[in-house]
Amino acid sequence: MALVNADRIKSELNTFDIDCGDDILDKSKLLEQCLCNRLQGDEIVLEWVAFSTTKGGLKLSLNTLEQFEHEGSQKRALTTPEHPQSKRSAALIASPSLLLCSASFFPSVTPSQKYSQRGGRGEVVSTFGAVQGTRWAGRKGQTNGVQLELLEGSEDSLINNYKYMFQRLRDVRNVLTEKIEELGEELRTNFNIEEFSPVSLPAQDSVIVLGQVCCDSNGKLNSQSVLLEAGPEQGGRQVPVDLSELRDYSLFPGQVVVMEGMNTSGKKFVASKLFEGVPLPFYSTPIKQEMDMDIPDVPEQFLVMVACGPYTPSDGLTFDPLVDLINVIARDRPDVCILLGPFVDSKHEQIEKSLVTETFDAIFSRCVGSIVEGTKGVGCRLVFVPSQRDVHHHFIYPQPPFILPDLSKDDAKRMTLVPDPCTLLIDGVTFVHVCSVPNLYIVSRWCSQIFSRILKHMLTQRNYYPLYPPVEEVNMDYEKFQGYGQMPLSPDVLIVPSELRFFIKDVIGCVCVNPGRLTKGQVGGTYGRLLIQRSAPSIDGKRVSPCVAGQVVKI
């Protein structure tokens with residue numbers, strides 16, 4: 001196939017005595033349509049002649065070309081059994097930018113002006129650890145690559161789709177009760193508490209009670225609306241809580257807490273002490289596994305890149321930010337790249353208005369294809385994590401992984417499709433937990449670092465989504481959540497994508513990262529990168545934490 005360029009298209013237009021200035025060719029998307037649809041210059045011109053004739057002899061202008069591009073892209077996307085799409089035209093183009101060319105599946109799309117004119121590209125906006133002089137690059141194939149696997153293993157992980165919307169209220173209650181009892185037993189053992197008293201039992205002396213924080217209405221929790229709901233073993237009753245005697249506190253609906261105080265009437269519990277939750281222990285490599293591992297005298301470093309969708313600006317469905325991210329991956333050559341959804345964002349205006357001309361699955365496949373093709377030869381392991389906002393995927397939490405049946409064997413070897421949430425073991429030592437951070441509506445006193453407090457709650461409550469009831473956007477299946485939504489241990493690195501401002505910080509020994517969104521409205525957003533030096537084998541049974549340095553960078 002001969003190379004198509006603007007001069008060739010202009011020459012074909014002159015054959016039909018169609019006057020076309022350079023400015024029209026530059027501003028129109030005729031050349032882009034040729035590249036995306038594998039058309040020659042004479043073919044696109046013949047389509048224009050046919051289109052203009054049926055419209056009564058339209059003159060060539062930017063307005064008429066926009067109409068032509070809109071109707072032409074829709075017609076090319078349609079296939080029928082009588083007129084199937086040819087294998088030649090269906091083949092993927094190797095270039096990521098051409099794979100994500102918008103003209104073939106989005107009508108009349110123009111690149112986002114604000115995104116293309118953004119400033120601060122590559123600017124580091126947040127740092128953590130010793131990063132001065134750090135070389136932010138992967139191993140570049142110097143070794144056999146990192147080992148990456150799900151901590152729980154395939155048998156105990158959520159790897160398949162499941163039926164949902166069948167849970168009963170009684171089943172939800174049983175899951176919540178078990179959560180109260182399990183965390184209560186851990187707190188009782190940790191603080192040497194003999195026993196818990198029923199929350200609604202009148203008592204003239206100070207007692208210690210166990211329960212789950214609730215709100216007395218459907219509004220947001222505040223200091224005057226806190227209820228404590230006990231489990232069945234402590235009576236199962238709800239009692240209002242007076243927090244005025246507590247020096248400081250931080251509470252949210254669904255939180256399992258232990259309180260000390262008095263309830264002289266049985267109708268209100270006056271709290272005088274709040275017992276903090278206890279996080280799980282960190283992971284340590286089994287001794288036998290340490291002996292079998294070939295660990296060098298100088299621990300190796302590996303680079304993990306993290307990006308969270310959406311991968312298109314809000315004023316158009318062009319995947320320019322994703323193309324830029326692929327170029328960054330090709331430049332820095334990370335050892336692992338964790339890509340979190342949404343890939344096809346259900347909240348995008350053009351998705352909501354059904355302005356696309358291809359199926360959501362087809363758009364997603366094209367996104368994945370561009371990432372796979374654009375990172376070949378980089379030596380990077382790709383991890384794909386779904387989002388509740390992925391319009392083509394299951395709207396349920398916990399969320400099963402994507403299914404990509406058409407992957408080649410070579411591509412499948414360097415791709416890992418994981419559920420949300422999940423726990424990843426990278427290179428035998430370092431853990432990376434991936435989850436969607438819940439929007440905790442916290443009522444607190446003297447709590448200045450709200451982000452750190454939210455993350456601490458997640459770690460001490462020992463599950464990925466401790467909020468109850470969940471927000472409306474989260475469709476929770478509590479039976480599956482009981483099996484797949486509990487933290488097996490405290491992570492070394494916790495990745496928590498959210499709408500909150502990007503950050504990277506230490507929270508009770510865990511490096512917590514919110515890489516931000518790759519796009520923020522009409523402009524570019526941020527991504528994260530972590531340089532991790534795995535620890536040497538444990539000495540005398542004591543765990544040595546890995547050394548982590550991190551940055552959040554503008555795309």
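As shown above, the structure is provided for reference.
Residues numbered from 1 in each chain as written. Predicted model: local features only at pLDDT ≥ 70, side-chain atom pairs only at ≥ 80, totals over all residues. Heavy atoms only, no water.

(A) Representation of helix α9 (residues 169-190) within the structure. Compared with the 32 Å implied by 1.5 Å per residue over 22 residues, the 32 Å span of α9 between its first and last C-alpha is a close match. Three or more residues of α9 are buried, namely D171, V172, V175, L176, T177, K179, I180, L183, G184 and L187. Against β3 (203-215), β4 (226-229), β7 (256-263), α15 (450-461) and α16 (478-484) lie the buried residues of α9. One or two steps after α9, the chain reaches N192, where phi turns positive at roughly 55°. (Helix = DSSP H or I, 4+ residues; strand = E, 2+ residues; numbered from the N terminus. Expected span 1.5 Å × (residues − 1). Buried < 20%, exposed > 50% of the residue type's maximum accessible area, 1.4 Å probe, protein only. Contact = heavy atoms within 4.5 Å.)

(B) A look at the packing of helix α1 (residues 6-15) against helix α4 (residues 41-54). Two numbers describe how α1 lies on α4: the axes approach to 8 Å, and their chain directions differ by 45°. Our classification of the angle between α1 and α4 gives oblique. In this structure, α1 meets α4 at a crossing whose hand is right-handed. On α4, the residues touching I9, E12 and L13 of α1 are G41, D42, I44, V45 and W48. (Axes fitted to C-alpha atoms, helices over the stretch in contact; angles between N-to-C directions. Parallel < 35°, antiparallel > 145°, perpendicular 65-115°, else oblique. Left-handed = near helix turned anticlockwise from the far one by under 90°.)

(C) Quick look at the packing of helix α11 (residues 320-332) against helix α13 (residues 360-374). Between α11 and α13, the shortest axis-to-axis distance is 10 Å and the interhelical angle comes to 25°. By the angle between their directions, the pair α11 and α13 is classed as roughly parallel. By crossing handedness, the relation of α11 to α13 is classed as right-handed. Contacts between α11 and α13 involve L322, I326 and A330 on the former and, on the latter, C367, S370, I371 and G374. Class assignment of the residues belonging to the contact of α11 with α13 gives a composition of 5 nonpolar, 2 polar and no charged. (Nonpolar A, V, L, I, M, F, W, Y, C, P; charged D, E, K, R; others polar.)

(D) Geometry of the sheet that holds strand β22 (residues 547-554). Pairing within the open sheet is mixed, and its 7 strands lie in the order β1-β22-β21-β9-β10-β11-β12. Edge positions in the sheet fall to β1 (124-128) and β12 (415-417), since each of these pairs with one other strand and no more. The average angle at which neighbouring strand axes cross in this sheet is 15°, direction not considered. The pairing of strand β11 (residues 381-385) with β12 spans 3 bridges and is classified as parallel. Bridge assignment links V383 to a residue of β12, and that residue is T416. The strands touched by α11 are β9 (301-308), β10 (336-340) and β21 (526-533); relative to β9, the strand with the most contacts, the crossing angle is about 180°. Along the sheet, α13 makes contact with β10, β11 and β12, crossing β11 at roughly 165°. (Pairing = 2+ DSSP bridges.)

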